[in-house]
Number of protein chains: 2
Amino acid sequence: MLHHSISENFPNHFQRESLDLVGNLLPLSSSGFYLVGPDMRHRGVVLRNLPAQVEQEYTRHYRELDPLRPALFERTDTRVVCMDERLTEAELLASEYYQQFMLPLNHRHVADMFFRSDDDIIAVLTMLRAASLGPFTPAELALLRTLQPFLDFTLSSVYLPRRRRERATLGQRHDLTDRELDVAELILAGASNKAIALELGLSVATVKTHLQHVFRKVGVASRTALSARLLGDLGSRNTER
Amino acid sequence: MLHHSISENFPNHFQRESLDLVGNLLPLSSSGFYLVGPDMRHRGVVLRNLPAQVEQEYTRHYRELDPLRPALFERTDTRVVCMDERLTEAELLASEYYQQFMLPLNHRHVADMFFRSDDDIIAVLTMLRAASLGPFTPAELALLRTLQPFLDFTLSSVYLPRRRRERATLGQRHDLTDRELDVAELILAGASNKAIALELGLSVATVKTHLQHVFRKVGVASRTALSARLLGDLGSRNTER
DNA sequence: GCCCGCATCATCCCTTTGGTGGATACCGGC
DNA sequence: GCCGGTATCCACCAAAGGGATGATGCGGGC
């Protein structure tokens, strides 16, 4: 079953290009690009100059403490946000988030760029600086705010069509309904039934029903086999001809 | 996480190229290329002119009845085998395998090409003909036997290094031991714990222990999340730099 | 010799998943 | 109006997976 590999390699490639761009335009200690929202079924994170386990730690312990966490900006149209604009130096230095998470990584300044689809934040580009690099200046923030619409455009004009194409491929090959494709995509993202139910606003029972149908149609017996198989399908575009 | 996608797209690409080659050299109704053995952790099948569910049916019901099934040739050095050389016409036509499986697909002649690694068959290229195309001639079989070593060479000189590279990538990124990589690869192939235990000659308990360690090191909580994450890792080669 | 990492297996316990058989509701076509 | 497909949910059960802990053996370094 595996594995596939899809030829172009999106969204990772887009994430890497974006990080390269901002990293070339302004000095950064490290950076990261997260795909998070419900529209970004192919979640993932690309990090620059950060050990991989930082992401785990953040997700597990520090996401809720993050003064710039996306949840705080859900119903706004904020596109670029900067830690130094939200907290005074005293507040930041005293915060658990800084002491426990930022300080050990030698981070002092943070700016985040958000990408949305219908108000939902679907991606976050985070930029980090050690104290030695100085704060993000107003000119730099203005530059980021100028940059954001273009990155946003690229994201939605290349990622979303790709996702549609993949849905169509899998849907046609295995005769899956729309809802079944929703579930299948989340399986590919590694989600549990509970997570799928939460994400799609369903009961776990419904998720299981859809999954049963998908298993039947695709001809597998477990979620793991399903994701391996579907990845294979996406990799070999002309399996049947 | 997904997804990953790896840039080159092996082994599917190799399988497709091989099928194109034999399909261009001799007339075929349909064909298929299976990666099967323990060395081919990235299993998969590519089919030409065959509906996808044929593979499921074969695996579930007819593999054991196949007069050319790889198990029969395990300890030989047979490289190309032909149904008409093994069974008389009367035997074939009377067989359940022909009546139940081949006939509905309008297949009359079959030839298989095997690929090995240390006696183990790790891949099978199967070629199928309707009666109208006539049997595989001795000249055609000789051609296939000439072709086999070259395909074999390509398989082992491009697939096996790729697998080593992927093992190294994942091993270094997450500090996995050799044995942990073995089980991780099988997770990516969609295997259950029982299947992994069987394949590696371990008890299920040991598999679970290795998996626990892998989960910890990679920072996930389930096999599904693991495979999504690892596929992402393989897709983004320069995540950390 | 001792310790540590690795690999192997076991036992218990709990959660998740998979399988079956329903039920309700909406919608669209014949 | 009925029927079939889709989508939603429920209950129940069995199987598999996940987590904790501990035990054994083996090999390599200090």
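Residues numbered from 1 in each chain as written. Chains lettered and ligands numbered in written order. Predicted model: local features only at pLDDT ≥ 70, side-chain atom pairs only at ≥ 80, totals over all residues. Heavy atoms only, no water.

Going by what an unreviewed UniProt entry lists, chain A is known as Helix-turn-helix transcriptional regulator and is assigned to Kineobactrum sediminis.

1. Examining the UniProt feature "domain: HTH luxR-type" (unreviewed entry) in chain A
Annotation from UniProt places "domain: HTH luxR-type" (unreviewed entry) at residues 169–234 of chain A. Measuring from the first to the last C-alpha atom of residues 169–234 of chain A gives 7 Å, for a span that is 79% helix and 0% strand. (UniProt positions renumbered as here; feature names shortened; annotations may be inferred. Helix = DSSP H or I, 4+ residues; strand = E, 2+ residues; numbered from the N terminus.)

2. Topic: the protein's contact with DNA strand C
Near DNA strand C there are 20 residues, and of these Lys208 and Arg223 of chain A together with Thr177, Thr206 and His210 of chain B occur at the shortest range. The contact atoms of DNA strand C, taken as those within 4 Å of the protein, divide so that sugar and phosphate hold 69%. A distance of 2.5 Å separates a base oxygen of DNA strand C from a polar side-chain atom of Lys208 of chain A. Take Thr209 of chain B: an N or O atom from its side chain is 2.9 Å from a base nitrogen of DNA strand C. Among the secondary structure elements, those contributing two or more residues to the surface near DNA strand C are helix H8 (193–200) and helix H9 (204–218) of chain A together with helix H7 (178–188) and helix H9 (204–218) of chain B. Top contributing element to the surface near DNA strand C by residue count: H9 of chain A, with 5 residues. Classifying every residue of the surface near DNA strand C by side-chain character gives 5 nonpolar, 9 polar and 6 charged. (Near = heavy atom within 4 Å. Polar contact = N/O pair within 3.5 Å; in protein donor to acceptor, adjacent residues only side chain to side chain. Nonpolar A, V, L, I, M, F, W, Y, C, P; charged D, E, K, R; others polar.)

3. Here's the deal with the packing of H7 of chain B against helix H8 (residues 193–200) of chain B
All names here are of chain B. Orientation of H7 relative to H8, taken along the N-to-C sense of each, is 130 degrees, at an axis distance of 10 Å. As judged from the angle between their axes, H7 and H8 are oblique. Between H7 and H8 the crossing geometry is right-handed. Residues Arg179, Asp182, Val183, Leu186 and Ile187 of H7 form the contact with H8, whose own contacting residues are Ile196, Glu199 and Leu200. The residue inventory of the contact of H7 with H8, partitioned by class, reads 5 nonpolar, no polar and 3 charged. (Axes fitted to C-alpha atoms, helices over the stretch in contact; angles between N-to-C directions. Parallel < 35°, antiparallel > 145°, perpendicular 65-115°, else oblique. Left-handed = near helix turned anticlockwise from the far one by under 90°. Contact = heavy atoms within 4.5 Å.)

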